[in-house]
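# Structural overview
Each chain is listed here by its residues.
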Amino acid sequence: MSQVGRRAFVAGAAGVVAALTAAGDAVASSGAAARGADSARGSARGHGSGHGHGHGKGHGHGSVARELRGMWIATVANLDWPSAPGRPAAEQRAQLIAYLDRAVELRLNAVVLQVRPTADALWPSPYEPWAQCLTGVQGQDPGWDPLGTAVSEAHRRDLELHAWFNPYRVANHTDPSRLIATHPARLHPDWVLPYGGKLYYNPGLPEVRRFVQDAMLDAVRRYDIDAVHWDDYFYPYPVTGQVFGDDAAYARYGAGFPDRAAWRRDNTDRLVRETAELIRSVKPDVRFGISPFGVWRNVASDPLGSDTRAGVETYDDLYADTRKWIKEGWIDYICPQVYFKAQRSGQAVSYSLLVPWWAETVRGTGVDLYIGEALYKINTEDWPAAELTEHLDIAAQYPEVAGHVFFSAKVVQEDPKGAMAAISGRWVR
């Protein structure tokens, strides 16, 4: 499975709120109230109040102004940044600035910064603790505002700043006692499930969905971000021999669904649809994008699927109906992780098969298509530098492809085999 590489690295508005199932604690309730107040402000702002470097929203909110060329900056487990927890604030800031400068040097125009890696925050959030990746101690104030700095410094360089959130991952371990005592997962232990060596919030609980929406929307309200960005983690990737223990939630909320899988997909649909409406009510000029695993369904599972034989299908395994979100217009852009070699040559999946499938899927919807590129594989899986060039040549055949995002920043900065330098020469700033 192509996604193993990335995963191994890591080992509306008032109406929507009213429709959510009641229950939730005081924090969630206060967040809902704040959303109501923000709705009026958001409506007053209207569309198109960006920095002049935005790409315009989907669904008739504008047109693509320029090709998006971005890179992901991962903070979970200090994958890209900061280089290590506990480094002085000035050093962390300098490292972040170096990534932004490198993006400019390579003629990129967007960075996707992970700001909520494990149910914590890279800004002073009233909902969740400071992220452990900053100081090494969850909840400890780093002495500066990483997200605020990233937004201002990115815009100073004419770079978009997409704030990358992971909705449900709580920890890369299964011991709640290792979380800070005031962590919401410890205050609400019934919200949390262990699975595959990690802790997750339970997507089947309405109060959980409400809480994670509030936590993410806090950053939207506070900062002039260009987009809310989610990765591929909804329900967790399946682990052989393990069961995701949501029996109680299914018994309580699953009536009326033909099976548990349909109920789970509906839970994910609700999270996406509600979040989209809430973002647009708070700040209509902030875009909403999702970067799923590259295969929605194989054609053997669904005639609408891609001609692939992938071991993971987002619809069936992650309970994420990514195609539906496009067709319903709930999101502004989709950035599938097409982390495969260009040609099939015996592979179950290939770039040359998936890109046209995604291009056809977004055609006529107003949803922008950016392709997620596995730059790291040029370094770790013996891909030739020419592989990346071939990817861009394939994508250029499809006018629906409006850009590319490269994983991840450390590899972009180091540029093994000169692959990024080779393709940046074709871009005009």
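The following refers to the structure shown. (Residues numbered from 1 in each chain as written. Predicted model: local features only at pLDDT ≥ 70, side-chain atom pairs only at ≥ 80, totals over all residues. Heavy atoms only, no water.)

### A word on the overall build of the protein chain
Note the cut-off: Secondary structure elements are taken from DSSP: a helix is a run of H or I of four residues or more, a strand is a run of E of two residues or more, and numbering for both begins at the N terminus. The buried label applies to any residue whose accessible area, calculated with a 1.4 Å probe on protein chains only, is under 20% of its type's maximum; exposed applies above 50%, and partly exposed to all values in between. Here the open area of atoms and residues is found with the Shrake-Rupley method and a 1.4 Å probe, where only the protein chains shown may cover a residue.
Per the secondary structure count, the protein chain includes 17 helices and eleven strands. Every one of the 429 residues in the protein chain was classed for burial, and the buried ones make up 61%. A total accessible area of about 15,100 Å² is found for the protein chain, and carbon and sulfur atoms account for 51% of it.

### A word on the pattern of salt bridges
Short version of the rule: What makes a salt bridge here is a side-chain nitrogen of Lys or Arg within 4 Å of a carboxyl oxygen of Asp or Glu, nothing more.
Going through the model one piece at a time under the given rule, you end up with 22 salt bridges. Between Asp-158 and Arg-66 there is a salt bridge whose closest N-O contact spans 3.6 Å. With Asp-158 in the loop between helix 6 (146-156) and strand 3 (160-165) and Arg-66 in the loop between helix 3 (26-45) and strand 1 (68-73), this pair connects stretches of sequence that are 92 residues apart. Assessed through its relative accessible area of 32%, Asp-158 is described here as partly exposed. The salt bridge involving Arg-222 is made with Asp-218; its shortest N-O contact spans 2.8 Å. Here Asp-218 and Arg-222 lie together in helix 8 (residues 206-222), a separation of four residues that amounts to about one turn. Bridged by salt links that share partners, the residues Arg-93, Asp-101, Glu-153, Arg-156 and Arg-157 form one connected network.

### Points about the nonpolar core
Heads up, the condition is: In this description, a nonpolar core means a group of buried Ala, Val, Leu, Ile, Met, Phe, Trp, Tyr and Cys residues linked to one another through side-chain atoms lying within 4.5 Å. It only takes one pair of heavy atoms within 4.5 Å for two residues to be counted as in contact.
In terms of nonpolar packing, the biggest core is built from 134 residues, with Tyr-201, Ile-225, Trp-230 and Met-420 touching the most fellow members. The element contributing the most residues to this core is helix 8, with eight residues. When residues no more than four places from it in sequence are discounted, the contact partners of Met-420 are Leu-106, Leu-108, Leu-375, Leu-388, Phe-406, Val-412, Asp-415 and Trp-427.

### Thoughts on the environment of Gly-403
Within the secondary structure, Gly-403 sits in strand 11 (residues 401-406). Sequence separation between Gly-403 and Ile-371 is 32 residues; the distance between their C-alpha atoms is 6.4 Å. In contact with Gly-403, not counting residues within four places along its chain, are Glu-67, Leu-68, Leu-369, Tyr-370 and Ile-371.

### Details of the packing of helix 13 (residues 351-362) against helix 15 (residues 386-395)
Two packed helices can be described by the angle between their axes and the distance between those axes. Just so we agree on the cut-off: Lines fitted to C-alpha atoms define the axes, with helix axes restricted to the stretch in contact, and inter-axis angles between N-to-C directions lie between 0 and 180 degrees. Crossing handedness is read from the near helix: turned anticlockwise from the far helix by less than a right angle, it gives a left-handed crossing, and turned clockwise, a right-handed one. Residues are grouped as follows: nonpolar covers Ala, Val, Leu, Ile, Met, Phe, Trp, Tyr, Cys and Pro; charged covers Asp, Glu, Lys and Arg; every other residue, Gly included, is treated as polar.
In contact at an axis separation of 10 Å, helix 13 and helix 15 are set at 35° when each is read in the N-to-C sense. Along this stretch, helix 13 crosses helix 15, giving a crossing that reads as right-handed. Between helix 13 and helix 15, the contacting residues are Tyr-351, Ser-352 and Val-355 on the first element and His-391, Ile-394 and Ala-395 on the second. Residues of the contact of helix 13 with helix 15, tallied by class, amount to four nonpolar, two polar and no charged.

### A few points about the packing of aromatic side chains
Quick note on the threshold: By convention, a stacked pair of Phe, Tyr or Trp rings (six-membered ring in the case of Trp) has centres within 6.5 Å and planes under 30 degrees apart, an edge-to-face pair has planes over 60 apart, and any other such pair is tilted.
For the structure shown, the criterion picks out 24 aromatic pairs. Look at Tyr-195 and Phe-244: their rings are 5.7 Å apart centre to centre, the planes differ by 80°, and that puts the pair in the edge-to-face class. Remark: Phe-244 occurs in the loop between strand 7 (227-230) and helix 9 (247-253) and Tyr-195 occurs in strand 5 (residues 192-195); sequence separation between them is 49 residues. On the accessibility criterion, Tyr-195 (7% relative accessible area) is buried. For the ring pair Tyr-201 and Phe-211, a centre distance of 6.2 Å and an interplane angle of 70° mean the geometry is edge-to-face. Taken together, the positions of Tyr-201 in strand 6 (residues 198-201) and Phe-211 in helix 8 put the pair ten residues apart, joining distant regions of the chain. Taking relative accessible area as the criterion, Phe-211 reaches 2% and is therefore assigned buried.

### Notes on the side chain of His-162
The test is simple: Here a polar contact means two N or O atoms within 3.5 Å. Within protein one must be a hydrogen donor candidate and the other an acceptor candidate, and residues neighboring in sequence count only if both atoms are side-chain atoms.
By secondary structure assignment, the location of His-162 is in strand 3. His-162 sits in the buried class, given a relative accessible area of 2%. Side-chain polar atoms of His-162 contact the side chain of Glu-160, separated by 2.6 Å. When near neighbours in sequence (up to four residues on either side) are disregarded, His-162 contacts Leu-68, Ala-110, Val-111, Val-112, Leu-113, Asp-226, Ala-227, His-229 and Tyr-333.

### Some details on helix 6
Burial within helix 6 is extensive, with nine of its eleven residues counted as buried. Within helix 6, burial applies to Pro-146, Leu-147, Gly-148, Thr-149, Ala-150, Val-151, Glu-153, Ala-154 and His-155. In this structure, the buried side of helix 6 is in contact with helix 4 (89-105), strand 2 (110-116), helix 5 (132-135), strand 3 and helix 8. Between the side-chain oxygen at the start of helix 6 and the backbone nitrogen of Leu-147 there is a gap of 3.3 Å, and the oxygen is on Asp-145. Phi turns positive one or two residues past the end of helix 6, at Asp-158, with a value near 60°.

### What to know about the pairing of strand 2
Defined as follows: By definition, two strands form a pair when at least two bridges between them are found by DSSP. By convention a crossover is right-handed if, when the strands point away from the viewer, the path from the first strand over the helix to the second runs clockwise.
Among the seven residues that make up strand 2, seven are buried, leaving the element largely enclosed by the rest of the structure. Bridge count for strand 1 against strand 2 is four bridges, and the pairing is parallel. In the sheet register, Met-71 faces strand 2, and the bridge partner there is Val-111. At this point the chain moves from strand 1, through helix 4, to the parallel strand 2, and the crossover so formed is right-handed. Relative to strand 3, strand 2 is paired through six bridges, and the arrangement is parallel. By the bridge assignment for strand 3, Val-111 is matched with Leu-161.

### Observations regarding the side chain of Asp-232
Relative to the elements of secondary structure, Asp-232 occurs in the loop between strand 7 and helix 9. A polar side-chain atom of Asp-232 sits 3.3 Å from a polar atom in the side chain of Gln-337.

### Section: the environment of Leu-375
Checked against the element boundaries, Leu-375 lands in the loop between strand 10 (368-373) and helix 14 (376-380). Spatially, the C-alpha atom of Leu-375 lies 9.4 Å from that of Val-405, the residues being 30 residues apart in sequence. When neighbours within four sequence positions are excluded, Leu-375 is seen to be in contact with Leu-388, Phe-406, Phe-407, Val-411, Val-412, Ala-419 and Met-420.

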